[in-house]
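In case you want the letters, here they are:
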Amino acid sequence: MKIYYSAASPYVRKCMVVASELGLTDRIEKLACAASPVKMDLTVAASNPLGKVPALITDDGQALFDSRVICEYLNHLGQGKLFPDASGERWQALTEQSLADGLLDAALLARYETATRPAQHQWKDWTDGQMRKIANALGHFEAVVTQRAGQVDIGMITLGCALGYLDLRFSDYDWRSAYPGVANWYAEFSQRPSMQETIPHG
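Since we're looking at a predicted model, the values are computed, not measured.

> Lay out the overall build of the protein in plain terms, naming residues and giving numbers.
Secondary structure summary: the protein contains 9 helices and 4 strands in total. Of the regular secondary structure in the protein, the N- to C-terminal order runs β-α-β-α-β-β-α-α-α-α-α-α-α. The principal-axis extent of the C-alpha atoms belonging to the protein is close to 45 × 40 × 30 Å. Within the span of the protein, comprising 202 residues, buried residues form 47% of the whole. In the protein, once contacts between residues fewer than 6 apart in sequence are set aside, the share between residues at least 24 apart is 69%. Accessible surface, the protein: about 10,300 Å² in total, of which carbon and sulfur atoms supply 51%.

> Quick rundown of the sheet that holds strand β3 (residues 55-57)? Include the residues and the values.
With respect to topology, 4 strands assemble into an open sheet ordered β2-β1-β3-β4, the strand pairing being mixed. Each edge of the open sheet carries a strand with a single partner, namely β2 (29-32) and β4 (63-64). By the bridge criterion, 4 bridges tie strand β1 (residues 2-5) to β2 in an arrangement that is parallel. Opposite Lys2, over in β2, you have Glu29 as the bridge partner. Contacts from helix α3 (residues 67-77) reach β3 and β4 within the one sheet, and its direction differs from that of β3 by about 40°.

> So what's going on with the pattern of salt bridges? Residues and values would help.
This structure, assessed with the given rule, holds 10 salt bridges. The closest approach of N and O atoms between Glu21 and Arg192, which form a salt bridge, is 2.8 Å. Note that Glu21 is positioned in helix α1 (residues 10-21) and Arg192 in the loop between α8 (180-189) and α9 (193-196), a separation of 171 residues in sequence. Given the relative accessible area of 25%, Glu21 is considered partly exposed. Ionic pairing is found between Asp101 and Arg68, a salt bridge with its closest N-O pair at 3.0 Å. With Asp101 in helix α4 (residues 87-115) and Arg68 in helix α3, this pair connects stretches of sequence that are 33 residues apart. Residue Asp101 is classed as buried on the basis of its relative accessible area, which comes to 2%. A residue is classified by how much of its surface remains accessible, and Arg68, at 34% relative accessible area, is partly exposed. Through salt bridges with shared partners, a single ionic network connects Lys14, Arg68 and Asp101.

> Can you explain the nonpolar core? Please cite residues and give values.
Counting 59 residues, the largest nonpolar core has Leu74, Leu138, Leu163, Leu166 and Trp175 as its most contacted members. For this core, the elements supplying multiple residues, two or more each, are β1, α1, β3, α3, α4, α5 (124-144), α6 (154-169) and α8. Top contributing element to this core by residue count: α6, with 9 residues. Other than its neighbours up to four places away in sequence, Leu138 contacts Leu103, Leu163, Leu166, Tyr173, Trp175, Tyr179 and Val182.

About the criteria used
Residues numbered from 1 in each chain as written. Predicted model: local features only at pLDDT ≥ 70, side-chain atom pairs only at ≥ 80, totals over all residues. Heavy atoms only, no water. Helix = DSSP H or I, 4+ residues; strand = E, 2+ residues; numbered from the N terminus. Buried < 20%, exposed > 50% of the residue type's maximum accessible area, 1.4 Å probe, protein only. Contact = heavy atoms within 4.5 Å. Areas by Shrake-Rupley, 256 points an atom, 1.4 Å probe, with all protein chains shown as cover. Pairing = 2+ DSSP bridges. Axes fitted to C-alpha atoms, helices over the stretch in contact; angles between N-to-C directions. Salt bridge = Lys/Arg side-chain N within 4 Å of Asp/Glu carboxyl O. Core = buried A, V, L, I, M, F, W, Y, C linked by side-chain atoms within 4.5 Å.

So this is what it looks like as structure tokens:
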């Protein structure tokens, strides 16, 4: 298998954490690319028309995207349990994956606003709105995360990657003080080998 990746992408990291948890890392070749929200990498676009990473090319040549599809494919391939079978647990894990992905979407939009948009066109209300979404998502996880202790599923993996991205790109955002339960959970979860192997760098 091959995956188009960017070292700083939290969505790529999510896929690689899943691969690590399932013992599939050695089966995936990483293809570095120049992913950008402004200038499309045409090499990636040949596999994913959106030109976004991650995009996975399976051993039989099928292109899969985005991270949700790739992670479920890897879980199937590795016969894992990161996507629970039980109906209640499954919908919880999928919903929490969606919420953590939404947190990441908001963080990326806030990041792009300040890092890629010309200063004279930046809109503070837009950035503030994205940060409120992040705070709301973290508030939800603060209320439930103690019930997730020791749980490793796609929802918790996505949350871990989202928190890692906040640390990478929003180092001045003191989420740990505001959400101590999430901070305590992350302090333990981030020590998993799969998380240590995939620490992002910009």
